[in-house]
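A look at the structure
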Amino acid sequence: MTESLYNISGFIFVAGVIWGIKLMSSPKTAEKGIFLSSICTLGAIVTTLLYNEIITVFHLWPPVVIAVATGYILAVKVTMIQMPQFVALLNGIGGGSSALVSLVVILDHFPTMSLFNQSAAALGYIAGWITLSGSLVAAAKLNRKLKQEPLVLKRHTALSMLLLVSSVIAAVLLLTGPESLTRCLLFIAGGTAFCFGILFTLRIGGADMPITISLLNSLSGIAAAIAGLALRDFLLVAVGGVVGASGFVLTQLMCSAMNKKIWSILTGKTRLLSAGAGESVSPVRERDADDLAGIIRKAQKVVIVPGYGMAVAQAQEKVKDLSEALLEAGKEVKFAIHPVAGRMPGHMNVLLAEVDIDYERLFEMEEINPELSETDLVIVIGANDVVNPAANTAEGTPIYGMPVLEVEKAGHIIICNKDTKPGYSGVDNPLYTRENVTLLLGDAAETVVRLTALLK
């Protein structure tokens, strides 16, 4: 394959990936977008193998087959509740791959490369290791292998900066120092970058993980693009650039949704409150079945607010049953989706689409908030911080200033949460003390069924 044909093919495949991403922005065309992007990615891989004349290298294919089989098995077995940590792990794999590509380039071609390509290889090497270690820590936090709370070591900032500066200095010496020190400097640059990624992610709390995942996704793309520059490979640069740009845009959108500055998150200035703060709120109000049934029957306009607790309880099927029972009773039913209701962007939307809830009934926060004051009944299912009105008043807390769903304006609120303890932010929710609030505490998969039964 000639270089011109390779570049033209690469341009077509990259354009196809971008178009696929555009199609994914609508639930009606998302499936087509995923298929198109997948086919174009496969085409880009095959084209790269053909251009480099390695498609017939036998020992290349056994690991490819193993990788494809592993990816397929994981994709089938991983549940939606595990998807955030799976995405974080995939980000790490992408970063590690870029680091390895840069490493091979440095070991095989470094002395004969231009200063620009040498610099790109060194930078891609560092960025790849940071992405790998940071993503592994994020995945461990999301999977509760590590504590959700920010872990801040003594002189954490100074130590992080020391590691980052050491990595950069080692990379600079790699460019200017003798060839005999190459392997030693590679070890120092990679090791310090890896440790920096760990410290960087450890200080970020679980409540900020949606933003962290988006940022690491962007960094994995940037690392790939830089590695592509070192290889002078247009296709790798373009694909990495698409991933990096989309991840960065998503990070900015998530920061806006939470009204937070990215720098505050990265430096650990947005933290959970101390463990055990506000173990519960009193009084806890529950109503008997007849009273609750009467409230539901009188309501004509109903808004359902799903949250991470619904995902943990795997209650989305039960929520669908509830929404259908409300619709059959002649009520107007809408779903209110907060941008960070799940552990990653779009988490709630996918969970609800998974059980065939009509996407036309899903409304983003900006759309639904103006309607909540005219809503008869809001049913909160496993959500806490995203409906906490303390975000407007509790200065100095992690959620202060964060836009929330204004459910307190509704005529009545039914909360199906496991308990009355604070959410990830550690901030007490004053909703639990309101007169117009009814609590159905316990596992959402059970309490939602109890609620649905009242309509029969």
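That block above? That's the structure.
Description of the structure in this document.

Definitions and cut-offs
Residues numbered from 1 in each chain as written. Predicted model: local features only at pLDDT ≥ 70, side-chain atom pairs only at ≥ 80, totals over all residues. Heavy atoms only, no water. Helix = DSSP H or I, 4+ residues; strand = E, 2+ residues; numbered from the N terminus. Rg over C-alpha atoms; globule rule 2.2 N^0.38 Å. Buried < 20%, exposed > 50% of the residue type's maximum accessible area, 1.4 Å probe, protein only. Contact = heavy atoms within 4.5 Å. Salt bridge = Lys/Arg side-chain N within 4 Å of Asp/Glu carboxyl O. Disulfide = S-S within 2.5 Å. Pairing = 2+ DSSP bridges. Axes fitted to C-alpha atoms, helices over the stretch in contact; angles between N-to-C directions. Phe/Tyr/Trp six-rings, centres within 6.5 Å; stacked < 30°, edge-to-face > 60°. Patch = residues over 30% accessible without salt bridge, like charges linked within 9 Å, V, L, I, M, F, W, Y side chains within 5 Å. Areas by Shrake-Rupley, 256 points an atom, 1.4 Å probe, with all protein chains shown as cover. Core = buried A, V, L, I, M, F, W, Y, C linked by side-chain atoms within 4.5 Å. Parallel < 35°, antiparallel > 145°, perpendicular 65-115°, else oblique. Left-handed = near helix turned anticlockwise from the far one by under 90°. Nonpolar A, V, L, I, M, F, W, Y, C, P; charged D, E, K, R; others polar. Polar contact = N/O pair within 3.5 Å; in protein donor to acceptor, adjacent residues only side chain to side chain.

Digging into the overall build of the protein chain
Of the regular secondary structure elements, the protein chain holds 16 helices and 6 strands. In terms of C-alpha radius of gyration, the protein chain reaches 25 Å, essentially the compact-globule figure of 23 Å for 456 residues. Its C-alpha atoms give the protein chain principal-axis dimensions of about 80 × 50 × 35 Å. Burial analysis of the protein chain (456 residues in total) assigns 49% to the buried set. Relative to all contacts within the protein chain whose residues are 6 or more apart in sequence, the contacts with residues 24 or more apart total 77%.

Brief notes about the pattern of salt bridges
Two side chains carrying opposite charge are able to pair once their charged atoms lie near each other. For the structure on display, the rule yields 5 salt bridges. Here Glu 324 ties to Lys 320 by a salt bridge, and the two come within 4.0 Å at their closest N and O atoms. Of this pair, Glu 324 and Lys 320 both sit in helix H13 (residues 316-328), 4 residues apart, roughly one helical turn. Between Lys 334 and Glu 371 there is a salt bridge; the shortest N-O distance is 2.8 Å.

A short note on the state of the cysteines
Here the structure, examined in full by the defined rule, presents 0 disulfides. Here Cys 195 is not cross-linked by a disulfide; its sulfur's nearest cysteine counterpart is in Cys 184, at 15 Å.

Quick notes on the sheet that holds strand E1 (residues 301-306)
In a beta sheet, neighbouring strands pair by backbone hydrogen bonds and run either parallel or antiparallel. The strand order E3-E2-E1-E4-E5-E6 describes an open sheet built from 6 strands, whose pairing is parallel. Looking along the sheet, the strands with just one partner apiece sit at the ends: strand E3 (362-364) and strand E6 (437-439). Pairwise comparison of adjacent strand axes, ignoring direction, gives a mean angle of 25 degrees for this sheet. Here 5 bridges tie strand E4 (residues 377-381) to strand E5 (residues 412-416), and the two strands are oriented parallel to one another. Bridged to Val 380 within E5 is Ile 415. Across the sheet, helix H14 (residues 347-354) lies against E1, strand E2 (332-337) and E3, angled at about 140 degrees from E2, the strand it touches most. Of the strands in this sheet, E4 and E5 touch helix H16 (residues 444-453), which is tilted by about 140 degrees from E5.

Points about the packing of aromatic side chains
Using the criterion set out here, one finds 4 aromatic pairs in the structure. Measuring from centroid to centroid gives 4.1 Å for Tyr 6 and Tyr 51, while their planes differ by 5 degrees, and the two rings are stacked. Taken together, the positions of Tyr 6 in helix H1 (residues 3-23) and Tyr 51 in helix H2 (residues 30-51) put the pair 45 residues apart, joining distant regions of the chain. Judged by its relative accessible area of 2%, Tyr 6 is buried. With centroids separated by 6.1 Å and ring planes inclined at 75 degrees, the aromatic side chains of Trp 129 and Phe 194 adopt a geometry described as edge-to-face. Placement of the pair is Trp 129 in helix H5 (residues 115-142) and Phe 194 in helix H7 (residues 182-202), with a sequence separation of 65 residues.

Regarding the pairing of E4
Most of E4 is tucked away, with 5 of its 5 residues classed as buried. Side chains Leu 377, Ile 379 and Ile 381 project from E4 onto one buried face, and the interleaved Val 378 and Val 380 project onto a second face that is buried too. Bridge analysis of E1 against E4 gives 5 bridges, and the strand direction is parallel. Note on E4: the bridge partner recorded for Ile 304 is Ile 379.

Concerning a nonpolar patch on the surface
A grouping of Met 1, Leu 5, Leu 42, Val 46 and Leu 50 is seen on the molecular surface, where their side chains present a nonpolar patch of about 400 Å² in accessible area. Tallying contributions element by element places H2 first for the nonpolar patch, with 3 residues. With respect to the helices, strands and loops of the structure, Met 1 is situated in the segment before H1.

Looking at the nonpolar core
Ranked by internal contacts, the top residues of the largest apolar core, which has 39 residues, are Ile 106, Ala 121, Tyr 125, Trp 129, Leu 174 and Phe 200. The greatest single-element share of this core, amounting to 12 residues, is contributed by H5. Among residues more than four places away in sequence, those in contact with Trp 129 are Ala 99, Gly 190, Ala 193 and Phe 194.

With respect to the packing of helix H4 (residues 83-109) against H5
When two helices pack together, you describe them by how their axes are tilted relative to each other and by the distance separating the axes. In contact at an axis separation of 7 Å, H4 and H5 are set at 160 degrees when each is read in the N-to-C sense. By the angle between their axes, H4 is roughly antiparallel relative to H5. The way H4 lies across H5 gives a crossing that is left-handed. Of the residues in the contact of H4 with H5, the class split is 16 nonpolar, 11 polar and no charged.

What to know about unusual backbone geometry
What is expected of a backbone is that most residues other than glycine have negative phi and most peptide bonds are trans. Phi angles above zero are rare outside glycine, and Arg 144 is one such case at about 60 degrees. By relative accessible area, which is 53% here, Arg 144 ends up exposed.

Considerations on the packing of H13 against H16
Relative to each other, H13 and H16 sit at 15 degrees, their axes nearing to 9 Å. As far as their axial angle goes, H16 and H13 are roughly parallel. The interaxial crossing formed by H13 with H16 has left-handed handedness. Residue-level contacts link Lys 318, Val 319, Asp 321, Leu 322 and Ala 325 of H13 to Ala 445, Val 448, Val 449, Leu 451 and Thr 452 of H16. Looking at the contact of H13 with H16 residue by residue, the class counts come to 7 nonpolar, 1 polar and 2 charged.

A word on the environment of His 412
Structurally, His 412 can be placed in strand E5. Residue His 412 is classed as buried on the basis of its relative accessible area of 9%. When the C-alpha positions of His 412 and Ile 379 are compared, they lie 8.6 Å apart, and in sequence the two are 33 residues distant. There is a polar contact of 3.2 Å between the side chain of His 412 and the backbone oxygen of Asn 436.

Read these as geometric descriptors, not functional statements.
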